[in-house]
Structures are given as C-alpha cells and as structure tokens.
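# Geometric and topological summary
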Amino acid sequence: MQTIRLNLNLQTVGHNCTVMNNYEKLFHEENDNLKKLGVKLNAPATISELITLEQVLNCKLPTELTTFYQYCNGFETDDHLFRVIPIQEIIEYKSELPDNTFHFAEYMIYSDQWLIKVYNSEKYEILNDDHKSKELLGLNNSILKFLKAYLNGGLFGKTESESFWNRINNYT
C-alpha cells in the first residue's frame, strides 16, 4: 500500500483561511435558504478521517476539499433527502468507483449522485449523469460554486428552468 501524506495546509494557511471564510460566509449569507431547505451541518471531519480518505482514494485531496471537510463533514437536508456525504460513508462505498473518484452528494437515497474525480492535489471535478439518463458530465470544479447553486433554490426550484441541474450550469 502506498503511503500518502495529508497536506493539512501548513504551507498555505493563509489560503485556507480565505477558503474557510468563504464557506463560513456562504452559509452565513444563505442562512434563510439553509432554514428553508432544512440544512443540518455535520461536525467537522477529523484529521484522522481525512488521512484515511486520502489513503482509500490513493491520492492527495485538493485544498478546497480538505478545507470543506474541515468546516463540516457533509450535511443533511429536508429537501428530497439531498445531502453531502460524510467521509465515513464515502469510505464505506468507495469500492464501487475508481481510486480517485468518490460519491460527494446524493438525494433520495442514491437516486441521483454527484461524484468527485480528483486529478491531482489541486484539481478535481464534480460529475453527474442526471439519474443515469445522460453520459457522466463534468459540471463544475468548485465545491463552493456547487453549494451556492444548491442553496439558491434547492434541487427543483419553482420551475424546471430553476432546477439545480440548470442553475449549476450558471456557476461553472
């Protein structure tokens, strides 16, 4: 087994503080939407969980991913059971996907899923196949943009054109 060292951003503390503040800022700015969607943030991931995830993925996580999970280890919602998956569950279901890919978010008990494919220590992509009705497409390369698109209307919005799948295209 290859040993992977988790870079907990000792060299880029200033950058991480900015990213961390971006998550805090987003959740603060979207507080009304958090309430409407019934978002319940999980406690932050531990360093041990992050190290284990990197070992299971067999790759180093980009800074934005480690920073997100250090802010909250996923979350649950009342919006069609949409949630961002906590690390322990990612690890449990990891064998279903290639080494550098994992389930990041899902709704209706895995009716649809968003995957993250890690390319290197600073590059990743969020993928979705719209309920397996399309080829797996790269939607976005930013958790912050993904979350902003979700929080601004939930999964379905008021009309089909306002659905998350359509809004996410505006945040790429």
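Quick caveat, the model's predicted, so the values are computed rather than measured.

### Looking at the layout of surface pockets
- Volume-wise, the largest pocket comes out at about 190 Å³.
- The leading source of residues in the lining of the largest pocket is helix α2 (residues 31-37), at three residues.

### Things to note about the confidence of the model for the protein
- Put simply, the protein has an average pLDDT of 82, and 80% of its residues get 70 or more.
- This model gives residues 1-15 a pLDDT under 50, and the stretch forms 24 contacts once residues within four places in sequence are excluded.

### Thoughts on the pairing of strand β6 (residues 123-128)
- Relative to β6, strand β5 (residues 112-120) is paired through five bridges, and the arrangement is antiparallel. Across the sheet, residue valine 118 finds its bridge partner in β6, namely tyrosine 124.
- The hairpin turn running from β5 into β6, its antiparallel successor, is two residues long.

### So, the packing of aromatic side chains
- Taken as a whole, this structure holds 15 aromatic pairs when the rule is applied.
- Aromatic pair phenylalanine 27 and phenylalanine 75: ring centres 6.3 Å apart, planes at 85°, arrangement edge-to-face. Of this pair, phenylalanine 27 sits in helix α1 (residues 13-29) while phenylalanine 75 is found in strand β2 (residues 75-76), placing the two residues 48 residues apart along the sequence.
- Arranged with centres 5.1 Å apart and planes meeting at 80°, the rings of phenylalanine 68 and tyrosine 69 form a pair that is edge-to-face.
- A residue is classified by how much of its surface remains accessible, and tyrosine 69, at 1% relative accessible area, is buried.
- Over the face of the ring belonging to tyrosine 119 we find lysine 123, whose NZ or CZ atom lies 5.3 Å from the ring centre.

Rules of the game
- Residues numbered from 1 in each chain as written.
- Predicted model: local features only at pLDDT ≥ 70, side-chain atom pairs only at ≥ 80, totals over all residues.
- Heavy atoms only, no water.
- 1 Å grid on protein atoms, 1.4 Å probe; cavity = no way out; pocket = protein on both sides within 12 Å on 5 of 7 lines; lining within 4 Å.
- Points joined across faces, edges and corners; volume = space filled by probe spheres on them.
- Helix = DSSP H or I, 4+ residues; strand = E, 2+ residues; numbered from the N terminus.
- pLDDT = per-residue confidence, 0-100.
- Contact = heavy atoms within 4.5 Å.
- Pairing = 2+ DSSP bridges.
- Phe/Tyr/Trp six-rings, centres within 6.5 Å; stacked < 30°, edge-to-face > 60°.
- Buried < 20%, exposed > 50% of the residue type's maximum accessible area, 1.4 Å probe, protein only.
- Lys NZ or Arg CZ within 6 Å of the ring centre and 35° of its normal.

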